[in-house]
Number of protein chains: 2
Amino acid sequence: TIIDVIENHLINPSLKDKKILISAGPTRESIDPIRFFTNHSSGKMGFALAEEAARLGAEVTLIAGPVSLNTPRNVKRVDVTTAEEMFQQMSMYYPNQDIVIKAAAVADYRPVVIHDRKMKKSDGNLSIDMERTKDILLTLGEMKTTQYLVGFAAETDEILTYGKQKLEKKHLDAIVINDVKAEGAGFATSTNAVTFVSKKGIEKDLPLATKNVIAQEILELIHLELKDEEK
Amino acid sequence: TIIDVIENHLINPSLKDKKILISAGPTRESIDPIRFFTNHSSGKMGFALAEEAARLGAEVTLIAGPVSLNTPRNVKRVDVTTAEEMFQQMSMYYPNQDIVIKAAAVADYRPVVIHDRKMKKSDGNLSIDMERTKDILLTLGEMKTTQYLVGFAAETDEILTYGKQKLEKKHLDAIVINDVKAEGAGFATSTNAVTFVSKKGIEKDLPLATKNVIAQEILELIHLELKDEEK
């Protein structure tokens, strides 16, 4: 009957028995106790992925930068502040995961010196020396055993070119490319529009929709790639 | 009767017919469309001041940096993002105010160059050149005619010394000094503990309390100083 089909579908979620690790939100890199560098990531895309993955039956761990969002149901959440803390947590949870999605917008640079007292201002210009943070996605790509590793690329121009370069350079299985300048897409909004590109050659535009719908579509594409591998 | 006394008190609020301008929250100074420089101000202290001033019958204008707080009742709110926008709005509303309280934590520095495309990262260190933003409080102090001008000092050490220097240097009538390292005080919390110092010589510790209570106490002290002047 129809009821049987629906129930069967509901009790047989597609990501059951899968372990998924997701990162979300920005990081903050302090200059002193008051000032810091950050970015416009709201964490909404990563939280939507975590929520939808949990709904599909996956065992979800969410490493979250400083955001004001509630923890989705059935998701294990670990809060971090800096790029270094994000790196530590992602590396620690990484080894036994089936799927890893780095949706966080992690700082690429941090101040070389972090003052433990408020810096007093003075006349004239100031130059802040910044150093590279660890490249989390590249490190995870190089550590990869059986994980299906997905990155995000937030770009403002030549988005497909930069996105595909990143896919290859970081040894990813797929990349979700985000034109943060497009209407309704990007950081602060509740909607998004992305292009999903996989190493195996899938290239699929996911047009403007809520971040939860985009999350469902991304997880469905990942699921299809994994099923394909299992054959 | 007691009822008359209470009603009389309620319908005769102490800041009736006063115009108050309050700034709150942090500012954001962009490096590129994704990255920016900001601080830990939550806007809660300035919003509490606006709420309590409106409750006391004042005509309140609140210039707010990027915060996630609701507008208090009977408060006119103007949203800004950068230090320059904060400067423009504060200068525009300033001339016909009775009381001006700068509770915002405005960036002292901003990047000299704002990139209109996302900066691509490269290996090695990076140096970000920063320039001074306009000094809002000093400018308002110098423009002062009859306004009672109040600043905030968020300090991490030698708080009274730095606070009093600021009171004098910026031509303020009073300063609220905040030890952001003290337990329960500072930016993210709902409580605060401050010292109110006026040009006329009042020096009063306002011990740990909710930001709304601290706001009431600050407004009461300002009110007393103004009444004293009117005698």
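The rules behind the values
- Residues numbered from 1 in each chain as written.
- Chains lettered and ligands numbered in written order.
- Predicted model: local features only at pLDDT ≥ 70, side-chain atom pairs only at ≥ 80, totals over all residues.
- Heavy atoms only, no water.
- Pairing = 2+ DSSP bridges.
- Helix = DSSP H or I, 4+ residues; strand = E, 2+ residues; numbered from the N terminus.
- Axes fitted to C-alpha atoms, helices over the stretch in contact; angles between N-to-C directions.
- UniProt positions renumbered as here; feature names shortened; annotations may be inferred.
- Buried < 20%, exposed > 50% of the residue type's maximum accessible area, 1.4 Å probe, protein only.
- Contact = heavy atoms within 4.5 Å.
- Buried area = accessible area lost by both parts, 1.4 Å probe.
- Salt bridge = Lys/Arg side-chain N within 4 Å of Asp/Glu carboxyl O.
- Polar contact = N/O pair within 3.5 Å; in protein donor to acceptor, adjacent residues only side chain to side chain.
- Nonpolar A, V, L, I, M, F, W, Y, C, P; charged D, E, K, R; others polar.
- Least-squares fit on C-alpha atoms with pLDDT ≥ 70 in both.

Chemist: What is the right way to look at the sheet that holds strand E7 (residues 109-111) of chain B in this model?
Modeler: In any sheet, the strands associate via hydrogen bonds between backbone groups, in a parallel or an antiparallel arrangement. Within the open sheet, the 4 strands sit side by side as E7(A)-E8(A)-E8(B)-E7(B). Their pairing is antiparallel. Pairing within the sheet leaves two strands with one partner each, and these edge strands are strand E7 (109-111) of chain A together with E7 of chain B. Adjacent strand axes in the sheet meet at a mean angle of 40°, parallel and antiparallel pairs treated alike. Across 3 bridges, E7(B) lies against strand E8 (residues 126-132) of chain B in antiparallel orientation. By the bridge assignment, Arg110(B) is partnered in E8(B) with Glu131(B).

Chemist: Is there a simple way to explain the UniProt feature "binding site: CTP" (unreviewed entry) in chain A in this structure?
Modeler: As recorded in UniProt, the feature "binding site: CTP" (unreviewed entry) lies at Asp108(A), Lys118(A), Phe152(A), Lys166(A) and Lys170(A). An extended arrangement is adopted by the annotated residues: their sequence extent is 63 residues, and the largest C-alpha distance between any two is 37.6 Å. Position of Lys166(A) among the secondary structure elements: in helix H5 (residues 159-169). Note on Lys166(A): relative accessible area 18%, which makes it buried. Positionally, Lys170(A) belongs in the loop between H5 and strand E10 (174-179). On the basis of relative accessible area, Lys170(A) is assigned to the buried category, the value being 4%. Once residues lying within four places of it in the same chain are set aside, the contact partners of Lys170(A) are Asp135(A), Leu137(A), Leu138(A), Gly141(A) and Lys121(B).

Chemist: When you look at the interface of chain B and chain A in this model, what are you seeing that I'm missing?
Modeler: For an interface, size is often stated in terms of accessible area lost upon the parts coming together. The interface of chain B with chain A comprises 38 residues on the first partner and 38 residues on the second. Between chain B and chain A, the buried area comes to about 3,700 Å², and carbon and sulfur atoms account for 49% of it. Counting every contact that joins chain B to chain A gives 8 salt bridges. In this structure, the salt-bridge partner of Lys120(B) is Glu155(A), at a minimum N-O distance of 3.0 Å. Run the count over chain B and chain A and you get 28 residue pairs in polar contact (both at pLDDT 80 or more). The set of elements that each furnish at least two residues to the side of chain B that touches chain A consists of strand E3 (35-39), E8 and strand E9 (148-155) of chain B. Among the elements that line the side of chain B that touches chain A, the one with the most residues is E8(B), at 7 residues. Among the residues making up the side of chain B that touches chain A, the classes are represented as 14 nonpolar, 8 polar and 16 charged.

Chemist: Mind showing me how you'd approach the sheet that holds strand E2 (residues 29-30) of chain B here?
Modeler: An order of E2(A)-E3(A)-E3(B)-E2(B) is seen for the 4 strands of this open sheet, with the pairing classed as antiparallel. At either margin of the open sheet sits one strand with a lone partner, and together these are strand E2 (29-30) of chain A together with E2 of chain B. As defined by bridge partners, E2(A) adjoins strand E3 (residues 35-39) of chain A across 2 bridges and the pair is classed as antiparallel. Following the sheet pairing, Glu29(A) is matched in E3(A) by Phe37(A).

Chemist: Is there a simple way to explain the relation of the copies chain B and chain A in this structure?
Modeler: In this arrangement, two copies of a chain are superimposed by a rotation about an axis accompanied by a shift along the axis. Laying chain B over chain A is done by rotating through 180° and shifting 0.0 Å along the axis; what remains is an RMSD of 0.0 Å. This pairing of chains is accounted for by a two-fold axis. Looking at chain B, 100% of its interface residues are interface residues in chain A too, so the copies touch through the same face.

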